[in-house]
Amino acid sequence: MDEHASTQRSFWRRHGLKFPGSVSIAPNNNPSSQDTSSTTEPKVVGARYNYTSLVTTQRSTSQQPHINDTIKTAAPMLPSQYPTSSHSLSFSSKKKKKSREALSASGSTAVHQRSTSSPHKSFDAFLKDTNDEWSDELGYENIPKGASSTTHVTTIHSPSSSSSSSTTTPQLKASSPLSSPPLPSTSPFSSSHPLPSTSPSHKAVVSPPTIQKSSSLPAGGIKADIEQRIEDPTNIIKNIDPDITRDPAKTKKFKDILSQPNVDLAALKRISWSGIPREYRLVAWQLLLGYLPCNSARRVTALAQKRKEYSDSVAASYSRGTAGLDQALWHQIHIDIPRTNPGVPLYQYEATQLCLERILYQWAIRHPASGYVQGINDLVTPIFEVFLSAYIDDNPEDYDVSQLDSTVLSVIEADSFWCLSKLLDGIQDNYTFAQPGIQRQVATLKDLVSRIDARLANHLQQEGIQFIQFAFRWMNCLLMREMPLKCTVRMWDTYLAEGSSEGFSEFHVYVCAAFLVKWSEQLQAQDFQGIMIFLQQLPTQDWNEKDVELLLSEAYMWKTLFHNAPSHLK
């Protein structure tokens, strides 16, 4: 048999195998017989497909347009019509191109192109599609055996709007024939280095990351050791000299604790209460939230696994674009994101908003008991900003994250998601039905204020002010809308030192009490309307870390007096 005939034989015949569900069918080369009643033709069912008038002989080009006319009844979907999976293998483009050149040199017809324009296909088209998918000349043997066990962070190639017109190009373009609305092109999960594929559809692909040091990264504003920081954030400790920091003594203490093979969390909490150095905040937060393992030997593998899990979840959720999402949930998140920190440029950039949108959507679908609640969008911003600041030299509040390499942004997004999840795990009853956690906190706040400042509590009662009217937002958003974001970051250092659950629930109530009593004199001089307006527009725009530390000290004093003596609140 000549080379051309051998190439046209199916994968199964070339290897001496029997095609699943195959049958022996007599060739039918008489075109007129195709017009006869289809009811007399045998139907063969095998491997989930219904075959009618199957012909395995090679037809001439003039006969090809009439093949699909032989099937008049609806049939189950063929393999080319199945939904694409979220993973695809990376093939050798050189070997694939060489194979096609060999076909062309042997005088064969053009390379078969898969067509999904018609719901019916001939057996020839199905057979060729199968050969393309299972060809032993596509370089399967070149795939590394250990490729699936890589410990690197993964990136996702998300579907985009346009469609590629060629199916013979060995590399994927940033396009897809998907009919559903695509993910925005600025998504950090769309890579500029797509993998080659045998399918014309742009699938969600998971691949090891490659950071382009000189070509894709901006010339300035990026940490020089960014690759080491991504692999293991504790590498930050090795490259920072405490003597050149703002507080060398404190920074050295943190370095001594964080450099241990097994970090002592109790010691880390004690030293973090008074604030964490900006250089070490990413590492400390991830450790205190329980995301980064205390054992240094487990960090690289654990981070890679969690980041891959998040990227796979995003790929599955967005496999059909935004049209495949829960529309009510996605719409609520979509309209809340632009309202998040409107005075901070970072959160007005499209790339940042897309990251936050995916983070919140993934959290909501993983927590159906609460789902997305307004206010959670505020809670992710301190985490995102702190993690971003660890990889850049510029001010994160003014930074456009679209300048970052997609791998770096993917890492920031995945880490932010998991740390937000850890934080919300301790206060999830704040966001379940009727928000019972917030109701308890508001009731405790009212009791506290009545003991700390009875005159203020009586004045609020006389003016008809209910604590729920102003304190609900304080509990729901953790005072984030009452003070600058940099003050919130400093306050969260102490909250995490108190414990991610206790700090954001119990200690936060004492902070709110100290915060309200701070304005006692101004509040007692106003009526209902004045009080409500004042509490909605508190004069905290110029607050700094010193103001927050004073507030935290007062809150600690009230906690010392009342927390272990609940009868004092009666």
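The rules behind each value
- Residues numbered from 1 in each chain as written.
- Predicted model: local features only at pLDDT ≥ 70, side-chain atom pairs only at ≥ 80, totals over all residues.
- Heavy atoms only, no water.
- Phe/Tyr/Trp six-rings, centres within 6.5 Å; stacked < 30°, edge-to-face > 60°.
- Helix = DSSP H or I, 4+ residues; strand = E, 2+ residues; numbered from the N terminus.
- Buried < 20%, exposed > 50% of the residue type's maximum accessible area, 1.4 Å probe, protein only.
- Lys NZ or Arg CZ within 6 Å of the ring centre and 35° of its normal.
- Contact = heavy atoms within 4.5 Å.
- Axes fitted to C-alpha atoms, helices over the stretch in contact; angles between N-to-C directions.
- Parallel < 35°, antiparallel > 145°, perpendicular 65-115°, else oblique.
- Nonpolar A, V, L, I, M, F, W, Y, C, P; charged D, E, K, R; others polar.

Taking an unreviewed UniProt entry as the reference, the chain is identified by name as Rab-GTPase-TBC domain-containing protein belonging to Phascolomyces articulosus.

Would you mind going over the packing of aromatic side chains with me for this structure?
We describe a pair of aromatic rings using the distance from one ring centre to the other and the angle between the two ring planes. For the structure shown, the criterion picks out 17 aromatic pairs. Note on Trp273 and Tyr556: the rings are 5.5 Å apart at their centroids and 75° apart in plane angle, and the pair reads as edge-to-face. Of this pair, Trp273 sits in the loop between helix 8 (265–272) and helix 9 (281–288) while Tyr556 sits in helix 22 (residues 545–562); the two residues are 283 residues apart in sequence, bridging distant segments of the chain. Overall, Trp273 belongs to the partly exposed group, its relative accessible area being 21%. Residue Tyr556 is classed as partly exposed on the basis of its relative accessible area, which comes to 44%. Aromatic ring contacts, followed pair by pair, group Trp273, Trp285, Trp492, Tyr495, Phe504, Phe507 and Tyr556 into a single cluster. A cation over a ring is seen here: Lys306 above Trp418, with NZ or CZ 3.7 Å from the ring centre.

Before we go on, may I ask you to explain the environment of Ile236 in this structure?
By the secondary structure assignment, Ile236 is in helix 6 (residues 235–238). In the structure, Ile236 is positioned 44 residues away from Tyr280 in sequence and 7.4 Å away in space, judged by C-alpha atoms. With residues near it in sequence (within four places) discarded, Ile236 still touches Arg229, Glu279, Tyr280, Leu282, Val283 and Ala390.

Can you help me understand the packing of helix 15 (residues 436–452) against helix 16 (residues 454–462) in this one?
For any two helices packed against each other, one specifies the crossing angle of their axes together with the interaxial distance. Running from amino to carboxyl end, helix 15 crosses helix 16 at an angle of 125°, the nearest separation of the two axes being 5 Å. Classified by the angle their axes make, helix 15 and helix 16 are oblique. Residues Val449, Ser450 and Ile452 of helix 15 lie in contact with helix 16, whose contacting residues are Ala454, Leu456 and Ala457. Taken together, the residues that form the contact of helix 15 with helix 16 break down as 5 nonpolar, 1 polar and no charged.

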